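Given next are the chains, with one letter for each unit.
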Amino acid sequence: MKKSSIVGMVIIAITIGVIISTYADSSTYGSFTDAQETQKELHVVGKLNKKKEMVYNPQQDANYFSFYMVDNKGKECKVEFTGTKPQDFERSEQIVLTGQMDNGAFHANKILMKCPSKYTKDKIEITEVKAQIKS
Amino acid sequence: MDTQFVGEHLLPGKLGQFFIILSFGTSLIALLSYFFAANNKNQSDNSWQKLGRLAYRLNLFAVIGIGACLFYIIYSHYFEYHYAWAHSSKTLPVYYIISCFWEGQEGSFWLWTFWQAVLGCILIVKAKSWENSVMTVISLSQVFLATMLLGVEIFGAKIGSSPFVLLRDVVEGPIFSRADYLSLIQDGNGLNPLLQNYWMVIHPPTLFLGFASMVVPFAYGIAALWQKRYAEWVKPAMPWVLFAVMILGTGIIMGSFWAYEALNFGGFWAWDPVENASILPWITLIAGLHVMIAYKNSGHSYFTALFLIIISFILVLYASFLTRSGILGDTSVHAFTDLGMSGQLLIYMFAFIVLAAVLIIINWKKLPITKKDEETYSREFWLFIGSIVLVVSCIQILATTSIPVYNKIFGTSIAPPTNLIQHYNKWQIAFAFAIATISAFSQFLKYKKTDTRKFFISLSVSFVVAVLLTAVVVYFTDIYHNFMYILLTWAAIFSILCNAKLLGEALKGKWKLAGSAVAHIGFAFILVGALIAAANNKVISVNNTGIGFGNEFAKSNNPRENIILYKNEPIKMDKYTVTYMGDSTSGVNTYYRVNYKVYDGDKIKENFDLYPNAQQNAKMQQIIASPDTKHYLFHDIYTHVSSVPLKEDNHDHEGHSDDESYLPPVVHEVIVGDTVRFREGQIVVKSINRNATIKDIPLEKGDAAIGMNLEVLSANKKFEAEPIFLIKGNTKVDFGKTVDEAGLKLRFTNVLPDKGKLELTVYEKPKSEKKDWIVLKAIEFPYINLFWGGTIMMVIGFLLSIFRRSKEAKTT
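Note that this is a predicted model, so its numbers are computed, not measured.

1. Overview of the overall build of chain A
Helix and strand counts for chain A stand at three helices and seven strands. In sequence order, chain A lays out its α and β elements as α-β-α-β-β-β-β-β-β-α. Across the 135 residues of chain A, 28% fall into the buried class. Sequence-distant contacts in chain A: of pairs separated by 6 or more residues, those separated by 24 or more amount to 46%.

2. A look at the overall build of chain B
When helices and strands are tallied, chain B shows 22 helices and 24 strands. With respect to the three principal axes, the spread of C-alpha positions in chain B is 120 × 85 × 50 Å. With 812 residues in all, chain B has 47% of them scored as buried. A separation of at least 24 residues holds for 68% of the contacts in chain B among residues at least 6 apart in sequence.

3. As for the sheet that holds strand β14 (residues 666-670) of chain B
All names here are of chain B. Read across the sheet, four strands follow the order β14-β23-β22-β21 without closing on themselves; strand pairing throughout is antiparallel. At either margin of the open sheet sits one strand with a lone partner, and together these are β14 and β21 (737-739). Here the average twist between neighbouring strands, direction ignored, is 30°. Bridge analysis of β14 against strand β23 (residues 757-764) gives five bridges, and the strand direction is antiparallel. Of the residues in β23, the one forming a bridge with V666 is V762.

4. Comments concerning the environment of V392(B)
As for its placement among the helices and strands, V392(B) is situated in helix α14 (residues 379-401). Distance from V392(B) to V641(B), taken between C-alpha atoms, is 40 Å for residues 249 residues apart in sequence.

5. Notes on the environment of A524(B)
All names here are of chain B. Tracing the sequence through the fold places A524 in helix α19 (residues 514-536). C-alpha of A524 to C-alpha of I779: the two residues are 255 residues apart in sequence and 24 Å apart in space. Beyond its immediate stretch of four places on either side in the chain, A524 contacts A436, A492, S495 and I496.

6. As for the nonpolar core
The biggest cluster of nonpolar side chains holds 219 residues, and the ones touching the most others in it are V134(B), A219(B), V241(B), A244(B), V245(B) and L527(B). A total of 17 residues in this core trace back to one element, the largest contributor, which is helix α10 (residues 234-262) of chain B. Each of domain 1 (1-191) and domain 2 (559-641) of chain B contributes no fewer than three residues to this core. Filtering out sequence-adjacent residues up to four positions away, V245(B) remains in contact with W282(B), L285(B), I286(B), L289(B) and F798(B). Listed in part, the 20 residues of the second largest apolar core include V44(A), Y64(A), F106(A) and I111(A).

7. Description of α10(B)
Its 29 residues give α10(B) an end-to-end C-alpha distance of 40 Å, which sits within 8% of 42 Å, the value for a rise of 1.5 Å per residue. Burial runs high along α10(B): 24 of the 29 residues are buried.

8. A word on the pairing of strand β7 (residues 576-586) of chain B
All names here are of chain B. Here strand β6 (residues 571-573) runs beside β7; their pairing, made up of three bridges, is antiparallel. Note that in β7 the partner of M573 across the bridge is Y576. Linking β6 to β7, which pair antiparallel, is a turn of two residues; within it D574 sits at a positive phi near 55°. Relative to strand β8 (residues 589-600), β7 runs antiparallel, the two being bridged by nine bridges.

9. Quick notes on unusual backbone geometry
Residue and element names in this part refer to chain B. We note that H77 has phi near 55°; this positive angle belongs to a residue other than glycine. Assignment of secondary structure puts H77 in the loop between α2 (47-75) and α3 (82-87). At D478, a residue that is not glycine, the phi angle is positive and equals roughly 65°. If you trace the backbone, D478 turns up in the loop between α17 (452-477) and α18 (483-507). Here D478 falls in the exposed class, since 12 other C-beta atoms lie within 10 Å of it.

10. Details of the packing of helix α9 (residues 215-226) of chain B against α10(B)
Residue and element names in this part refer to chain B. For the pair α9 and α10, the least separation of the axes is 8 Å and the interaxial angle reads 155°. The orientation of α9 with respect to α10, classified from their angle, is roughly antiparallel. In this structure, α9 crosses over α10, and the sense of that crossing is left-handed. Contact residues: α9 offers V216, P217 and Y220, while α10 offers P236, A237, W240, V241 and A244.

11. A look at the pairing of strand β6 (residues 94-102) of chain A
Residues and elements named next belong to chain A. Sheet analysis places strand β2 (residues 42-48) next to β6, joined by five bridges and oriented antiparallel. Looking at the pairing, L42 lines up with G99 of β6. Alignment of β6 against strand β7 (residues 105-114), held across nine bridges, turns out to be antiparallel. Residue D102 lies in a different strand from β7, and its bridge partner there is A105. The turn linking β6 back onto β7 is made up of two residues, and N103 within it adopts a positive phi angle of 55°.

12. Section: the domain arrangement of chain B
Many authors give the size of an interface as the accessible area that is lost as the parts come together. Taken as a whole, chain B is organised into domain 1 (1-191), domain 2 (559-641) and domain 3 (662-694 + 701-765). The straight-line distance from the C-alpha centre of domain 1 of chain B to that of domain 3 of chain B is 71 Å.

13. Some details on the confidence of the model for chain B
All names here are of chain B. Confidence in the prediction of chain B, expressed as mean pLDDT, is 86, and 92% of residues score 70 or more. This stretch, residues 545-558, has a pLDDT under 50; its non-local contacts, to residues over four places away or in other chains, come to 17 contacts. Below a pLDDT of 50 lies the segment residues 649-656, which in the model reaches one contact outside its immediate sequence neighbourhood of four places, other chains included.

Definitions and limits used
- Residues numbered from 1 in each chain as written.
- Chains lettered and ligands numbered in written order.
- Predicted model: local features only at pLDDT ≥ 70, side-chain atom pairs only at ≥ 80, totals over all residues.
- Helix = DSSP H or I, 4+ residues; strand = E, 2+ residues; numbered from the N terminus.
- Buried ≥ 20, exposed ≤ 12 C-beta atoms within 10 Å, placed from the backbone.
- Contact = placed C-beta atoms within 7 Å.
- Pairing = 2+ DSSP bridges.
- Axes fitted to C-alpha atoms, helices over the stretch in contact; angles between N-to-C directions.
- Core = buried A, V, L, I, M, F, W, Y, C linked by C-beta atoms within 7 Å.
- Domains from an automatic or database assignment.
- Expected span 1.5 Å × (residues − 1).
- Parallel < 35°, antiparallel > 145°, perpendicular 65-115°, else oblique.
- Left-handed = near helix turned anticlockwise from the far one by under 90°.
- pLDDT = per-residue confidence, 0-100.

So, in structure tokens, the structure goes:
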């Protein structure tokens with residue numbers, strides 16, 4: 001057999017391994033309801049419930065942050081995070097959590113926020129109104 | 001109904017828009033002229049070429065014009081322009097105005113087209129017989145880039161996004177019906193604070209020069225197929241490949257250094273999709289470089305070389321699609337938001353894929369592909385294998401990074417791996433091991449055929465020494481508990497040794513080999529440095545003091561990596577005694593002074609301050625933190641604040657009695673010379689001042705004002721205070737003094753003549769409210785200098801190789 005064909009076969013084998021590994025390691029996007037049914041870590045996308053309280057009290061525990069999030073199916077759940085409150089959290093438009101359910105609360109290992117792009121239409125009005133009062 | 005707006009400066013924008021049209025026009029003319037020039041068989045007629053040159057040079061002029069107009073607009077704070085309003089503000093220091101360019105997509109496209117224009121002009125001078133065909137390809141790319149800035153609508157489709165659009169044309173709002181709307185816009189939105197860092201001034205231009213220069217080898221490859229000069233392109237393209245690899249590599253590492261120095265994600269590489277997107281073309285181009293060398297010396301691997309050079313540029317286009325189309329929104333923190341140009345970016349990419357594919361298919365039969373098999377003990381064979389390993393490593397990164405793309409195409413909802421870093425590392429460490437090993441032993445191989453006996457003899461010495469050294473290194477760096485880490489360390493050390501041997505020979509006179517040896521040694525150092533720093537970085541700010549949040553929470557085994565520091569209260573953290581000393585504000589940044597001390601017994605062995613900073617934005621209730629790092633030769637102490645009290649919250653609440661904010665007072669009866677202890681220190685009664693005066697209260701006869709001179713010692717600091725006791729007529733009044741830094745209020749409340757004592761009342765602030773605090777995270781990165789040092793070595797290696805290869809290209 002030619003060496004190049006052996007090399008080719010090895011490449012194909014590794015590539016298949018890579019694809020399987022990507023698939024095996026990949027997680028799924030789900031809802032809080034899905035999270036209750038599984039022990040696996042998954043991604044939940046949702047929005048911060050700004051009306052409910054957010055707890056971050058560094059003087060008591062600098063590594064505890066909790067808040068309430070409503071997932072895309074409309075279910076609300078308490079979220080706990082071991083770590084500090086991410087910067088700019090209140091302004092997040094959308095949150096992607098990675099983690100699992102733990103005793104009725106969702107335990108997030110990672111929080112990824114999407115913040116509003118700077119040019120939302122209503123924002124400029126607010127800025128302007130403020131400027132007007134000042135001048 | 002046309003409103004006449006007051007105070008707008010429309011000229012620079014109109015001029016800028018003119019330059020955009022000019023850059024588009026000239027690139028189109030350059031494309032056509034060079035195309036005809038390349039197809040022209042009449043040697044004596046070079047009028048097309050002349051026109052092409054003129055057009056391309058004009059293009060560079062136009063592109064510089066765009067940049068100048070945009071700079072002028074931002075510099076002059078013309079907020080009637082959307083770009084200036086969205087990306088800058090009046091408070092921005094001048095040297096960061098340049099960073100505003102690349103906060104927006106338009107500016108970064110400009111940067112790309114600028115470099116491509118510059119590189120084209122260099123090629124006009126340097127490319128000689130390749131000029132016409134190579135410049136045709138580059139002009140085509142330049143046309144595509146020019147359309148990205150056009151910002152015109154044709155048949156309802158918006159083409160490009162111009163940086164010169166007016167604010168009132170983009171944003172709707174009632175204020176824009178007012179003629180004097182500009183007077184209401186006080187300031188722009190400002191630059192993202194994370195970009196206000198000197199690395200962000202030089203990292204994007206370097207990175208984009210790297211991206212832009214990748215078009216050159218690609219253009220040579222395409223030109224070779226088009227002009228049927230199949231074999232000739234390798235030599236002139238080689239210096240450009242090296243240049244692109246060097247610049248892009250430097251740019252990527254600069255970005256990683258910026259992330260390390262300015263971002264607080266705690267590391268230098270996070271496998272973020274945006275980072276991955278930039279490293280993909282770099283890996284394939286490195287692979288391409290090696291097979292080009294193999295082809296040049298042995299005639300093998302022709303197609304692999306051509307394919308890799310072409311795919312590298314396609315990957316640049318794919319990377320810009322990923323980062324600019326908004327598709328990474330759910331997976332990356334760095335990506336741009338969508339500007340509605342995904343379609344355009346895809347057309348750009350597919351145009352070049354189709355162009356390359358068609359040319360390859362047409363010429364397939366004529367390509368100089370050898371049918372022979374390489375010898376196993378030959379350098380070309382292992383250059384080829386090494387490149388293939390690089391390609392497979394690239395496929396792995398590509399496969400995971402592209403998950404959002406599959407979701408888009410197939411409508412699936414696959415999420416990226418939850419433990420992303422582990423997912424990448426388990427593959428990439430194996431690939432890195434293979435590559436380092438190959439880069440070691442293939443140095444002893446010769447082209448065509450090697451004497452195997454000699455080969456194994458010279459190899460065995462390095463092999464054994466590498467094993468011994470590895471044992472020492474893994475022991476001292478504490479990474480022996482992971483088998484893969486040991487293997488990779490060994491491979492890197494093996495590579496360093498083999499290449500050092502080569503370098504030794506180079507110094508003896510075979511200087512030609514120095515470049516590759518130095519670059520390989522640098523690369524091996526990068527591997528070891530990255531491995532040790534990433535595997536063994538240690539959070540030293542482990543929280544041992546925090547009160548748990550109930551059992552429910554204590555169960556989770558997440559390490560508590562943040563620690564709260566109260567002002568002037570030292571806390572032991574690893575071997576450091578860490579104290580938060582206070583903050584100072586400079587511009588928009590608040591710097592938190594954190595003192596680190598290392599004690600050896602009672603002696604202070606080390607003493608230094610770090611100033612991690614945070615930008616406080618009271619309006620938005622947020623902080624943006626940047627780390628500060630103490631660099632040692634063998635490790636770094638990296639520190640950033642994770643949370644600080646917002647400045648707004650620090651205002652005293654009015655309407656409360658002042659004393660409410662203190663703990664119940666403690667009354668002491670003292671005489672001069674007494675010492676009173678309080679929680680944080682002591683108060684010494686120094687003397688009595690019988691002639692104390694009180695502002696605004698005149699003393700009459702019979703009145704007495706006595707001051708008590710106190711010295712407060714708290715946290716190694718001395719404060720003076722003089723509370724006053726006043727007898728005015730029949731009433732006793734006292735005037736307390738506060739010592740804010742010590743959290744104290746001191747009152748001289750009575751004189752007890754019968755006891756011969758004085759009454760001192762001490763109010764202390766409760767512990768938590770008393771002082772400022774910060775939440776800190778500190779990480780120790782061991783041996784990270786190997787990573788940065790390796791980078792510098794690798795760049796030097798590339799530079800040496802560029803000199804060698806461009807000399808070779810000239811001699812033919």
